[in-house]
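What the coordinates show
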Amino acid sequence: MSTATFGGSGLGPQAETTMRHYQSQLQRRRLYTVLSILIFAVLIVASLDFANRANSGKFFERLPYLFDFLKTFSPDSPMEVFRAMFDLPSPLADGSLKYDYTSDRIYITESLYIPHFIYQLVVTINIALVSTLVGSSFAFLLCFFASTNLVGAGATRFVVRRIMEVLRAFPEIVIAGLIAAILSIGPIAAIAAITIHTIGALGKLFFEVVENADMKADEGLRAVGASWLERVRYAIVPQVMPNFVSYTLLRAEVNVRASTIIGAVGGGGIGEVFRLAIGRDHAAKAYAIIILLLVTVIAVDQFSAWLRRRLTHGAPLDIAKGVA
Amino acid sequence: MHSTPLIPLADRARIETQYADVLQRSFLQRFGLLIGLGVVTLYLALSAVFFHVVPALQAAQWDRASAYLQDWVSWRAQPRLRFEDGKVTPRWTLRGQYPEGAEIDWLRPRADGGYTVYYGNAENRLEVTPKRVDAIIGGVLYPVDISDTGARAPDNAPASLRQEGEKVVVRYGFAGQAEIRASQVYVQRRFLGWANFLFDTRSVFWGKSFGELAGLVVSGERLDPALSNIAAMGRDIWHNTTWQHGEIFSQLMQTLVMAFVGTLLGTLAAFPLAFIAARNITRSRAANWGMKRVFDFLRSIDMLIWALFFTRSFGPGPIPGIASIFFTDSGALGKVYSEAIENIDEKQREGVKSLGAASTLVNRYGVVPQVLPVFVSQSLYFFESNIRSATVIGAVGAGGIGLKLLEAMGTNADWDKVAYMVLLILGVVFIFDNISNTLRWKLIGKQGH
């Protein structure tokens, strides 16, 4: 895309002027591009330097040892990972916690048991599911009061939107920590933390969907004298429901990840078990959990994507927005 | 609403057949919602049993909850008044809010060697002497006798003055409380606000009013000969030992750096890889499929796993945080980007191609202009989300404000500091949400995303 070829190409005086304008604008744009790239480069170098200084291990000193950890932290045999996953007794058992897979079994009957990690995984998934259900219900109730097309731009909208913002931005670990201090550590704290975040995050997405709804149906209902509640129920809800469901499914995916992380900071479930396993150098257990988590996350993502496709009939959805 | 309109039978039959899908709905259409709600309710009830919600709520310590929540906006001074050699001596904990020998207006020495503790006004106070403590509640005096075996409340004591075993507890509501024991009185005096927020007790500026401080800034002698007053104030605030402003600021910056660098590097990595993964750009099924599985793999390994793994390699700090955000996000962004590329309008590419441009130029002028605004908007969403993730990741061991929050919560005594950090985080999240919203709006207008 060189500009020189236009030079002596015999353009008329008017085209000549246009060309000049175009070229000066192009130059200015290039200048801006170069400048912003420079600013980004400076920012990122400064940030990396700051990060490196703040870190306890220095990046370039530690880089050669990156995979040392993998070398030393490997299970004695692949079978060990399998045994740890399903709580089978290990031939290496020496009474230490590292090779003790059997004592954490959750017995249902005398002989039938649920392996410990799978039980913890079920706990984590249930935490995610419960908080998604409860959170999306509250978000559903709130979102209509935050939509300009339903309540106007008055005080209601302002208050509800600010509430959602605070719920969304409030650090999850603080909610979990506060509730853990009152109720004792466990899944309830994780559920509360994730639910509160879900209300804020989904509420925002929901009211944006409601604001983009087609208001003709609402007008029709208004013309026959329907009340506000009836208009919302019969004009808005049927339009927005497919989008609501897809965003909720997307949030469920995000929440499965969130509940593992919150678990690691004291919310129970697989996250906590994993943190302990990696902290105590129990390689076989850690790898068993990594495999379980990988399989779960892929399964949940695939299932939710399949369900979303069925429900929205292929309408595209802004995935990134749902993540934020 | 329920009047029956008169419709001729013939019409009725015609309408019924014509609008069969409206008038005769299937079982699932009629009761689906109800069944769904029933299933959800049942599931939630079962979960409540599974997670022991009811026993946990019954065992909950609600008095603690109110105390902790009060701690968010107020502070407690907790001297112990010890009875020693027939006198009363105040003792402060290490985290004392007063410097040695400070004059405290609510804790006054008495002529006989005792102390008077004021709970707001003269009608609510505690006269502490080694032999007897007089609790004055609402202007009425209740003497509490102290012997070697313990304290004993008078018989006519009100509900706010209670005998608990060998000690007597006096409650003055928000203003505080006191535990009277055989050898000492635990005083707890609560004030609204955050104690020593600007200057700690070691600072020369401690205990000065805003007027005095303003006077010192404008004129007045240097309290520290080496520095001007305003510089000395800045130094003292920054190095405040109880509130650790400097330390907390640095941790907050670490969290921000984690999110910023992680997302930016993830974006830079995902950008070229997305072109390989897109069906319409790279005409190799194997390459498309392989790249997409790589994205799935990176994305599916939980951020927690990456964080713990890199913390083991690099030690606690922002680098593991950056690395874990980078790895998950290059997967997630790669997937989102490649989908965006697959949905482009092919006409522009064909146009550039028909001019005989090389394949890089075709992509540069046929694809990038279409997808760049979308890419930037997606990355901004991920950045917003990552500021929050970085807080939690930090708590797992990657450092930053998350770890600081976890430490402050662990002591159960620093809830005011937790509130301070939460306010900082909320502020930062709001600022960056607004910046990214503005950028997005400038890039693609309000309708797009």
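Residues numbered from 1 in each chain as written. Chains lettered and ligands numbered in written order. Predicted model: local features only at pLDDT ≥ 70, side-chain atom pairs only at ≥ 80, totals over all residues.

**Some words on the overall build of chain A**
The number of helices and strands found in chain A is 14 helices and 2 strands. Taken against the 2.2 N^0.38 rule, which gives 20 Å for 324 residues, the C-alpha radius of gyration of chain A at 28 Å runs more than 25% over that of a compact globule. By principal-axis analysis of the C-alpha atoms, chain A measures approximately 90 × 65 × 40 Å. Residues counted as buried form 39% of the 324 residues belonging to chain A. Long-range contacts, defined here as pairs at least 24 residues apart, represent 67% of the contacts in chain A between residues at least 6 apart. (Helix = DSSP H or I, 4+ residues; strand = E, 2+ residues; numbered from the N terminus. Rg over C-alpha atoms; globule rule 2.2 N^0.38 Å. Buried ≥ 20, exposed ≤ 12 C-beta atoms within 10 Å, placed from the backbone. Contact = placed C-beta atoms within 7 Å.)

**What to know about the overall build of chain B**
The helix and strand tally for chain B stands at 16 helices and 13 strands. Here chain B has a C-alpha radius of gyration of 34 Å; the compact-globule value for 449 residues is 22 Å, and the former is much larger. Expressed along its principal axes, the backbone C-alpha trace of chain B runs to roughly 100 × 80 × 45 Å. Scored against the burial criterion, the 449 residues of chain B give a buried share of 34%.

**A closer look at the interface of chain B and chain A**
Taken together, the 58 residues of chain B in the interface contact 52 residues of chain A. Looking at the side of chain B that touches chain A, the element that brings in the most residues is helix 14 (residues 368–398) of chain B, giving 9 residues. Looking at the side of chain B that touches chain A, its residues break down into 39 nonpolar, 14 polar and 5 charged. (Nonpolar A, V, L, I, M, F, W, Y, C, P; charged D, E, K, R; others polar.)

**Observations concerning the domain arrangement of chain A**
The domain boundaries assigned to chain A delineate domain 1 (12–66) and domain 2 (114–323). Once you take the C-alpha centre of each, domain 1 of chain A and domain 2 of chain A turn out to be 36 Å apart. (Domains from an automatic or database assignment.)

**Examining unusual backbone geometry**
If you check the backbone angles, Asp281 of chain A has positive phi at about 70° while not being a glycine. As for its position among the elements, Asp281 of chain A is in the loop between helix 12 (270–279) and helix 13 (283–312). The phi angle at Gln244 of chain B is positive, at roughly 50°, despite the residue not being glycine. Looking at the secondary structure, you find Gln244 of chain B in the loop between helix 7 (229–238) and helix 8 (245–277). On the basis of neighbour count, Gln244 of chain B is assigned to the partly exposed category, with 18 C-beta atoms found within 10 Å.

**Section: the confidence of the model for chain B**
Residues and elements named next belong to chain B. When pLDDT is averaged along chain B, the result is 84; 97% of the residues meet or exceed 70. Mean pLDDT across the elements of chain B ranges from a minimum in helix 2 (residues 20–23), with 77, to a maximum in helix 8, with 92. Prediction confidence for the complex, expressed as pTM and ipTM, is 0.84 and 0.83 respectively. (pLDDT = per-residue confidence, 0-100.)

**Observations concerning the environment of Ala192 of chain A**
Residue and element names in this part refer to chain A. Residue placement: Ala192 occurs in helix 9 (residues 187–211). It is 7.3 Å that separates the C-alpha atoms of Ala192 and Ile175, two residues lying 17 residues apart in sequence. Those residues within four positions of Ala192 in sequence are excluded, and the remaining contacts are Ile175 and Ile179.

**Here's the deal with the pairing of strand 13 (residues 184–192) of chain B**
All names here are of chain B. Of the strand pairs in this sheet, strand 1 (residues 74–77) and strand 13 are connected by 4 bridges, and their pairing is antiparallel. By the bridge assignment for strand 13, Trp75 is matched with Phe191. Two successive antiparallel strands, strand 12 (residues 176–180) and strand 13, enclose a turn made up of 3 residues. (Pairing = 2+ DSSP bridges.)

**Observations concerning the confidence of the model for chain A**
All names here are of chain A. Of all residues in chain A, 94% have pLDDT values of 70 or greater, and the mean over the chain is 86. When the elements of chain A are averaged for pLDDT, helix 14 (residues 319–323) gives the smallest value, 68, and helix 5 (residues 116–143) the largest, 94. Counting contacts from residues 1–5, a segment whose pLDDT is below 50, to residues more than four positions away or on other chains yields 1 contact.

**Observations concerning helix 14 of chain B**
Residues and elements named next belong to chain B. Compared with the 45 Å implied by 1.5 Å per residue over 31 residues, the 35 Å span of helix 14 between its first and last C-alpha is markedly short. The largest bend in helix 14 comes to about 30°, at Asn386. Within helix 14, 25 of the 31 residues are buried, which leaves the element mostly enclosed by the surrounding structure. Directly beyond the C-terminal end of helix 14, a positive phi value near 85° is found at Gly399. (Expected span 1.5 Å × (residues − 1). Bend = angle between axes of the 7 residues up to and from the residue.)

**So, the environment of Glu166 of chain B**
Residue and element names in this part refer to chain B. Take Glu166: it is sitting in the loop between strand 10 (161–164) and strand 11 (167–171). A residue is classified by how many C-beta atoms lie within 10 Å of it, and Glu166, with 13 of them, is partly exposed. Put simply, Glu166 and Gly32 are 134 residues apart on the chain and 63 Å apart in space, counted from C-alpha to C-alpha.

**Concerning the packing of helix 7 (residues 155–169) of chain A against helix 9 of chain A**
The geometry of a pair of packed helices is captured by two quantities: the angle between their axes and the separation between those axes. All names here are of chain A. Here helix 7 crosses helix 9 at 130°, and the two axes come no closer than 7 Å. When the interaxial angle is binned, helix 7 and helix 9 end up oblique. For the pair helix 7 and helix 9, the sense of crossing is left-handed. Of helix 9, the residues touching helix 7 (which contributes Met164, Glu165, Leu167 and Arg168) are Ile196, His197, Ile199, Gly200, Ala201, Gly203 and Lys204. When grouped by side-chain class, the residues that make up the contact of helix 7 with helix 9 number 5 nonpolar, 3 polar and 3 charged. (Axes fitted to C-alpha atoms, helices over the stretch in contact; angles between N-to-C directions. Parallel < 35°, antiparallel > 145°, perpendicular 65-115°, else oblique. Left-handed = near helix turned anticlockwise from the far one by under 90°.)

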